[in-house]
There are 2 protein chains.
Amino acid sequence: MIIRHRSNPIIKPGDVKPSIEGYKVIGSFNPGATNFGDEIVLLVRVAEGCEPRKGYIRTPIYRFDDNGKGYPDIMEFDVSDPEVIPKDTRTVVYKGREYLTSLSHIRIARSKDGINFKVDDAPFIYPENETERYGVEDARITFIDGKYYITYTAISEDSWATALAVTEDFRSIERKGLIFYPENKDVAIFPERVNGMYVALHRPNNTRFGMPAIWYSESPDLLHWGNHKCIARTRDNKWESQRIGAGAPPIKTPEGWLVIYHAKGDNSVYSLFCMLLALDEPYRVIRRASVPLMTPTEPYETAGFFPNVIFSNGIAERDDKIYVYYGASDETTNVAITDIESLLESL
Amino acid sequence: MIIRHRSNPIIKPGDVKPSIEGYKVIGSFNPGATNFGDEIVLLVRVAEGCEPRKGYIRTPIYRFDDNGKGYPDIMEFDVSDPEVIPKDTRTVVYKGREYLTSLSHIRIARSKDGINFKVDDAPFIYPENETERYGVEDARITFIDGKYYITYTAISEDSWATALAVTEDFRSIERKGLIFYPENKDVAIFPERVNGMYVALHRPNNTRFGMPAIWYSESPDLLHWGNHKCIARTRDNKWESQRIGAGAPPIKTPEGWLVIYHAKGDNSVYSLFCMLLALDEPYRVIRRASVPLMTPTEPYETAGFFPNVIFSNGIAERDDKIYVYYGASDETTNVAITDIESLLESL
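Colleague: Looking at this structure, how should I read the pairing of strand β14 (residues 174-180) of chain A?
Modeller: Every regular strand shows the same layout, with side chains that alternate between the two sheet faces. All names here are of chain A. Note: strand β13 (residues 159-167) against β14, 4 bridges, orientation antiparallel. Within β14, the position partnered with V166 by the bridge is E174. If you look at the hairpin formed by β13 and β14, you'll find 6 residues sitting between the two strands, and F170 has a positive phi there, around 55 degrees.

Colleague: Would you explain the interface of chain B and chain A in this entry?
Modeller: You'll often see interface size given as the accessible area lost when the parts meet. Contacts between the two partners involve 43 residues from chain B and, on the opposite side, 43 residues from chain A. Summing both partners gives a buried area of about 3600 Å² for chain B against chain A, and 53% of it is carried by carbon and sulfur. On inspection of chain B and its partner chain A, the count reaches 6 salt bridges. Measuring nitrogen to oxygen at the nearest pair gives 3.5 Å for the salt bridge that ties A:E130 to B:R233. Linking chain B to chain A there are 14 residue pairs in polar contact (both at pLDDT 80 or more). Every element with two or more residues in the side of chain B that touches chain A is listed here: β8 (97-100), β12 (147-156), β13 (159-167), β14 (174-180), β16 (198-204), β17 (214-219) and β18 (226-232) of chain B.

Colleague: Just checking my understanding: could you explain unusual backbone geometry for this structure?
Modeller: Note the cis peptide between B:N8 and B:P9, where omega equals -10 degrees. Put simply, B:P182 and B:E183 share a cis peptide bond, and its omega is -10 degrees. By the element assignment, B:E183 lies in the loop between β14 and β15 (184-189). Residues other than glycine seldom take positive phi values, yet A:S329 does so here, at roughly 55 degrees. Along the polypeptide, A:S329 turns up in the loop between β25 (321-328) and β26 (332-338). According to the relative accessible area criterion, A:S329 is buried, its value standing at 0%.

Colleague: Help me out: how do you make sense of the pattern of salt bridges in this one?
Modeller: Side chains that carry opposite charge are capable of pairing whenever their charged atoms lie near each other. Residue and element names in this part refer to chain B. Within this structure, the stated rule accounts for 54 salt bridges over all chains. We note a salt bridge from E39 to K112, for which the minimum N-O separation is 4.0 Å. One end of the pair, E39, is in strand β3 (residues 39-50); the other, K112, is in the loop between β9 (103-111) and β10 (118-119), with 73 residues separating them in the sequence. A residue is classified by how much of its surface remains accessible, and E39, at 17% relative accessible area, is buried. Overall, the relative accessible area of 51% leaves K112 in the exposed class. Here E255 makes a salt bridge to R287, at a shortest N to O gap of 2.9 Å. Of this pair, E255 sits in the loop between β20 (251-253) and β21 (256-264) while R287 sits in strand β23 (residues 285-288), and the two are 32 residues apart along the sequence. Owing to a relative accessible area of 39%, E255 belongs among the partly exposed residues under this scheme.

Colleague: I tried to follow the sheet that holds strand β6 (residues 84-88) of chain B on my own but got confused; where do I start?
Modeller: Backbone hydrogen bonds are what pair the strands of a sheet, in a parallel or an antiparallel way. All names here are of chain B. Here we have 3 strands laid out as an open sheet, ordered β6-β7-β8, and antiparallel in their pairing. Pairing within the sheet leaves two strands with one partner each, and these edge strands are β6 and β8. Neighbour-to-neighbour, the strand axes of this sheet turn through a mean angle of 30 degrees, independent of strand direction. Sheet analysis places β6 next to strand β7 (residues 91-94), joined by 4 bridges and oriented antiparallel. Looking at β7, one finds that P86 is bridged to V92.

Colleague: Is there a simple way to think about the nonpolar core in this case?
Modeller: Burial of nonpolar side chains together is a common tendency in soluble globular proteins. One finds A:L43, A:I150, A:F170, B:L43, B:I150 and B:F170 to be the most contacted residues of the largest nonpolar core, which totals 68 residues. Those residues in contact with B:I150 that lie beyond four places of it in its chain are B:L43, B:F124, B:I125, B:A139, B:R140, B:I141, B:A163, B:L164, B:A165, B:T167, B:F170 and B:I173.

Colleague: Help me understand the sheet that holds strand β24 (residues 310-318) of chain B, please; the structure alone is not making it clear to me.
Modeller: All names here are of chain B. The strand order across the open sheet built from 4 strands is β1-β26-β25-β24, with neighbouring strands paired in antiparallel fashion. Strands with a single pairing partner mark the edges of an open sheet, and in this sheet they are β1 (3-4) and β24. When strand β25 (residues 321-328) meets strand β26 (residues 332-338), the two strands line up antiparallel, connected through 7 bridges. Bridged to G327 within β26 is T333.

Colleague: Sorry if this is basic, but what is going on with the side chain of A:H105 here?
Modeller: Residue and element names in this part refer to chain A. Its place among the elements puts H105 in strand β9 (residues 103-111). We classify H105 as buried; its relative accessible area is 0%. Among the polar contacts made by the side chain of H105, one reaches the side chain of E48 at a distance of 3.5 Å. The residues touching H105, leaving out its near neighbours within four places in the chain, are S19, V44, R45, V46, E48, P123, I125, Y126, P127 and V136.

Colleague: Help me understand the pairing of β17(B), please; the structure alone is not making it clear to me.
Modeller: Residue and element names in this part refer to chain B. β17 sits mainly inside the fold: 6 of its 6 residues count as buried. Along β17, one buried face is formed by I214, Y216 and E218 and the opposite face, lined by W215, S217 and S219, is buried too. Of the strand pairs in this sheet, β16 and β17 are connected by 5 bridges, and their pairing is antiparallel. Looking at β17, one finds that H202 is bridged to W215. Of the strand pairs in this sheet, β17 and β18 are connected by 4 bridges, and their pairing is antiparallel. Among the inter-strand pairings, W215 is bridged to a residue of β18, identified as C230. What sits between the antiparallel neighbours β17 and β18 is a turn of 6 residues, in which L222 has the positive phi angle 75 degrees.

Colleague: Could you clarify how one ought to interpret the packing of aromatic side chains in this entry?
Modeller: Centre distance and the angle of the planes are the two values used to describe a pair of aromatic rings. Tallied over the full model, the rule gives 37 aromatic pairs over all chains. Geometrically, the ring pair formed by B:F190 and B:W257 is edge-to-face, given 5.0 Å between the ring centres and 70 degrees between the ring planes. Of the two residues, B:F190 is situated in the loop between β15 and β16 and B:W257 in strand β21; the sequence distance between them amounts to 67 residues. With respect to burial, B:F190 and B:W257 carry one shared label: buried. Pairwise contacts between aromatic rings join A:F180, A:Y181, A:W225, B:F180, B:Y181 and B:W225 into one cluster. Its guanidinium or amino end placed over the ring of A:Y56, A:R53 lies 4.1 Å from that ring's centre, counting from NZ or CZ. Taking the ring centre of A:W160 as reference, the NZ or CZ of A:K185 above it sits at 5.3 Å.

Colleague: How do you make sense of the side chain of B:S159 when you look at a structure like this?
Modeller: Residue position: B:S159 is located in strand β13. Judged by its relative accessible area of 1%, B:S159 falls in the buried class. B:S159 has contacts with A:N206, A:T207, A:R208, A:F209, B:A154, B:P182 and B:E183, leaving out every residue within four places of it along the chain.

Rules behind the numbers
Residues numbered from 1 in each chain as written. Chains lettered and ligands numbered in written order. Predicted model: local features only at pLDDT ≥ 70, side-chain atom pairs only at ≥ 80, totals over all residues. Heavy atoms only, no water. Pairing = 2+ DSSP bridges. Helix = DSSP H or I, 4+ residues; strand = E, 2+ residues; numbered from the N terminus. Contact = heavy atoms within 4.5 Å. Buried area = accessible area lost by both parts, 1.4 Å probe. Salt bridge = Lys/Arg side-chain N within 4 Å of Asp/Glu carboxyl O. Polar contact = N/O pair within 3.5 Å; in protein donor to acceptor, adjacent residues only side chain to side chain. Buried < 20%, exposed > 50% of the residue type's maximum accessible area, 1.4 Å probe, protein only. Axes fitted to C-alpha atoms, helices over the stretch in contact; angles between N-to-C directions. Core = buried A, V, L, I, M, F, W, Y, C linked by side-chain atoms within 4.5 Å. Phe/Tyr/Trp six-rings, centres within 6.5 Å; stacked < 30°, edge-to-face > 60°. Lys NZ or Arg CZ within 6 Å of the ring centre and 35° of its normal.

These values are about where atoms sit, not about what they do.
What follows is the structure, encoded as structure tokens:
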């Protein structure tokens, strides 16, 4: 059993202050999550668009001046130009290249009870180099040996890749660069080493012979990754036909590593599923649910910026409960509460 | 100056014995190259199709039996089935998924003079596991500390990735698994460590915001790779507009690491270019040629299985000359002869 909280959505775009004058917060969603002291900390993805101007599509972008110093700016596309082709709410094509209609950054939100969050006024991880020009998205937090390792999607003209950063206090942060080259996202690092190696799930793209799937990799140092294996693929059902990717870092249980993953199915509906990986061989799926843990049903899940999306990249354990934080419709942050027994039973 | 040898093509499909009865060699191209003893050894990509059958597209494929044991087989597509869509000479689409019309493996060819080669009767690297189901392609050979490290493209339903194998004698070979997850190819490992780390160039895919480009990565052990950086992108000229990728392992010169790379330009024409990377910072391009080193002009380059392709992934140094081996039109192996001074002058 998993129960959506009655206060959902718990963080809405209107709760978040824009990072820059002239920007407009259009999404506060897909949070990473962790316990930190007596609080639950979320790393919320804040997507910002621009105040509208008639006749133009306007999007924030990170630019560089002649000295290589970066600064946020606004890019304008004249809709009367035949080379400007709006693709969907998220994307515009100009001269054959895609641009995002929003620029995302990562913002901290803190809560004592896991439901009522206070969002920082300032960004925590903001685009700051060439690999992050089109934004930073979808943080995942793994606590290992006293440090919080944060993976996030870095987007640029070189497509989307995954960067690593580390913090001990959720005030300062140290960037470690790209650990998974494009096109790759949904990187969830396990909370402990397995057979002496760090372990992660990730999702390379697959544009040719199959669909994007969940892969396993190992690292001696969290920076260099190898021994790549595809461990779970899409299935021919209405929920999982298009792509699947890992959610939050796996939870260790006596029966195996419990993974909540997302699946994109028919009609671009995103749902959550569970699977279980072998404790000593986490590249081996030992059980996989046949029906979703959650699929969009509530108004905030079936309507919004990009409707019919439930996407989770953060969970927190508290008082024997699992708080599953999730983005709905690429717009809001929500929470559903369950426990390990329920998740294992769903398999 | 670079001079095509008058004996080109030096290896043609007809020179190669099929690996299996019922298969038909349609390409012997894109060789990796190295000096080995007093010989030059090529690792030729051998592409095999099937003997034709009226009303069908037939393609070799690597299958697995119920015990997980692999075996080569033939897949048939009924051309009267509306779900069967031939895409080009290389690809057929069935029920929305792509399949190759050929299965490639790697074959050894040996020569005393670098021009006249004898091709082994049996394959050297043959598809043998799930990651290689659709073939192994485009080997690159790097000699480091007494061993020959071979990278090659492994193709499967999980798309194309790069595997590593190692040999000391070009008789036995040890597979090391995937070192670059999909979608990635054109992996050229440098012949020595730089600042204590192994270094490679590679080419991730870029389906969204730009074009596929040349990336740099580092490894402590050749198995785990990180510190990924995009170092050279496509340019707005007719030769390099679509994608670029590294060729053979870089050549160390006093002026920098010399790289011969391939570029796909307008009308899908593939050419070769040179660039120079800083010796101590091989992620920094210090010079890049403005015109191609070679572009298709000869009949064997402008006609063939997939016309207008010059693609090099193997070179060998001998008597102060550089033998640039290259595939033409995805069909034959050829050689052009130059020297380091000429290559540096072309920059």
